[in-house]
Amino acid sequence: MLQDIPTPTLREASSCVLETERLMLRRPTLADVKAIARLANDRRIAENTRRLPHPYLPDHAVEFVRAIANDNRETVFLIENNHTPIGVVGIDWREPDAPELGYWLGVEHWGQGFATEAARAVIDFTFEEFDVEHLISGARVTNPSSRNILEKCGFQWSGVELHRFEALGSSTPVDCFRLSRSVWSSLKNWNNSTRRAR
């Protein structure tokens, strides 16, 4: 007999923990506010992340964590290395037909492969848990490191658009990328991430 198995809601799905070789990804809590604010309060991060203000204050981090707890549109994870927060990665569901991968790391953690590792775990999670045909993402044209992360994850360049960046107070050109389920499927053996329920 066939049985209907309900698809997890975004809230249920985001309560899990993703583990990679070096990282643990989990839902941020109010206990993480100081670490998030310390990491995010860097102009170099804000200028490359559309929605981060600068300066980034503890009140912004409280608002961010509370929004995640109350909003089903995003699946967002705090990235930890050796139990220390180093950044944030997640899927933004504001456009249900175009879920968007976003990420940022504290500057002291750049250049070590953490963003690629975290992004791959969230991409795997999204395609495995949700019925989506593609993900989108973007990087400022002046941010080749972020473009490299997306390309290492299988994203393909799809054009350039202007996007508003809160910290800049203006719009700036962004390289847009797209990852289809079929391309992901052909690449999905790229790492050994695991998931465990909390």
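First things first, this report covers the structure right here in the doc. Everything quoted here is computed from the prediction, not taken from an experiment.

Rules and cut-offs
Residues numbered from 1 in each chain as written. Predicted model: local features only at pLDDT ≥ 70, side-chain atom pairs only at ≥ 80, totals over all residues. Heavy atoms only, no water. Buried < 20%, exposed > 50% of the residue type's maximum accessible area, 1.4 Å probe, protein only. Helix = DSSP H or I, 4+ residues; strand = E, 2+ residues; numbered from the N terminus. Pairing = 2+ DSSP bridges. Phe/Tyr/Trp six-rings, centres within 6.5 Å; stacked < 30°, edge-to-face > 60°. Lys NZ or Arg CZ within 6 Å of the ring centre and 35° of its normal. Contact = heavy atoms within 4.5 Å.

**Thoughts on the pairing of strand β4 (residues 84-92)**
Argument step 1. Buried residues dominate β4, accounting for 8 of its 9 residues.
Argument step 2. In this structure, β4 lies alongside strand β5 (residues 100-105), joined through 6 bridges in antiparallel fashion. Within β5, the residue paired with D92 across the bridge is E100.

**Let's talk about the packing of aromatic side chains**
Argument step 1. Scanning the model with the defined rule gives 4 aromatic pairs in all.
Argument step 2. A ring pair is formed by F77 and F125, whose centres lie 5.6 Å apart and whose planes are at 90°; its orientation type is edge-to-face. With F77 in strand β3 (residues 74-81) and F125 in helix α5 (residues 114-129), this pair connects stretches of sequence that are 48 residues apart.
Argument step 3. Residue classification places F125 among the buried residues on the basis of a relative accessible area of 3%.
Argument step 4. Joined through ring pairs, the aromatic side chains of F77, W93, F125 and F130 make up one cluster.
Argument step 5. Directly above the ring of F165 sits R140, whose terminal nitrogen or CZ lies 5.7 Å from the centroid.

**As for the environment of F127**
Argument step 1. Relative to the assigned elements, F127 resides in helix α5.
Argument step 2. For F127, a relative accessible area of 2% translates into the label buried.
Argument step 3. Along the primary structure F127 and K188 are separated by 61 residues, whereas in three dimensions their C-alpha atoms are 9.8 Å apart.
Argument step 4. Setting aside residues no more than four positions away along its own chain, F127 makes contact with V132, E133, H134, L135, L179, S180, R181 and W184.

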